[in-house]
Amino acid sequence: MWLEVPTQVVYQTNADYTATEQALSENKLIIVAPTRKGLLWFRFVDSRTVFQLSPMGKLQVRWADLNEKRTLYRLVKNLLVAGPHEKLVVKPLKQQLWIEYPVPDPFKIYWCDELTEYALKKPSEPKQPEKPSSFVLELGKVRRAVEQLRREFCFFREPTFNEVALKSGCLDAQTIRVGLILAGWKEQSIETAKWTAERAINLSAWLLCKQSGKMDPSLIAIANEAIDKAPIEAIKKAQLILKNYPHLVPKINSTEPSWPDETKQKWIQTFGSNPPPEKHSTV
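Residues numbered from 1 in each chain as written. Predicted model: local features only at pLDDT ≥ 70, side-chain atom pairs only at ≥ 80, totals over all residues. Heavy atoms only, no water.

*Asks:* Go over the side chain of Thr13, please, and point to the residues and values.
*Replies:* Its place among the elements puts Thr13 in strand β1 (residues 7–13). In this structure Thr13 comes out as buried when scored by relative accessible area, which is 6%. From its side chain, Thr13 meets the backbone nitrogen of Ala15 in a polar contact 3.1 Å long. A polar contact is formed between the side chain of Thr13 and the backbone oxygen of Gly57, at a distance of 2.6 Å. Discounting residues that sit within four places of it in the chain, Thr13 has contacts with Leu53, Met56, Gly57, Leu59, Leu80, Val89 and Val90. (Helix = DSSP H or I, 4+ residues; strand = E, 2+ residues; numbered from the N terminus. Buried < 20%, exposed > 50% of the residue type's maximum accessible area, 1.4 Å probe, protein only. Polar contact = N/O pair within 3.5 Å; in protein donor to acceptor, adjacent residues only side chain to side chain. Contact = heavy atoms within 4.5 Å.)

Next comes the structure, spelled out in structure tokens:
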């Protein structure tokens, strides 16, 4: 049996304090607040694990166990924002252990991406492959549910929190939130989702025309303008729609995209409302 002990670790990072604070503040799955000492205090919603980032880039955290460390360490690396034109670097500097007396025969320290094992008796028993914890298995269910729902909606919108809970069968709020972060999920209002989806669907038509190379010269300027003005989220969705559901891509009728009936039906199934009138379609 291996003993897992609580650890407190100090990391040196090249995270930009201001940019990281802004990114954390915009993430609805994170609680963040500056401290009186000038540290950036933050934690995941429904998690007791607290992180503190200094203006000099030092990150401090007390890990409860190995599974938490393996999961949250990777999530935190995705939340920290490096300086301009820099690649994020996170290097462990110090680690403090809480080991009960008397000292156990074998114990191990998890250094972020590697294990260091200590044993007082030799030879030690052969190390058995570690089975995934129930937490890790549940995270996998959540991530698969997100991807399945995205495809059910043809990438028109993100699934809601409750839709993911029902699809995955996971009813633990914290596990779902962590799984959503790993899946790159972003919460959107229904109005924002419709606005983005309409532009993504129309934009997919212009992208398809440009790929074909058969555009009328008079339409090239319109297509370029549509692409230049499109928000990045609409561009991502348009590319996914074009790649995975080409039959839903509108045709260019004169100077406007004309939606196929199947696209209109999928919109109704996804949003529960009629699609926007074609005369008001926005490129």
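There's more to say after this.
*Asks:* Outline the side chain of Glu158, listing residues and values.
*Replies:* Here Glu158 lies in the loop between α3 (134–152) and α4 (161–168). What makes Glu158 buried here is its relative accessible area of 12%. There is a polar contact of 2.7 Å between the side chain of Glu158 and the side chain of Arg150. Of note is the side chain of Glu158, whose polar atom sits 3.4 Å from the backbone nitrogen of Lys186. The residues touching Glu158, leaving out its near neighbours within four places in the chain, are Arg150, Gly184, Trp185, Lys186 and Lys237.

Honestly, it's all geometry; don't read function into it.
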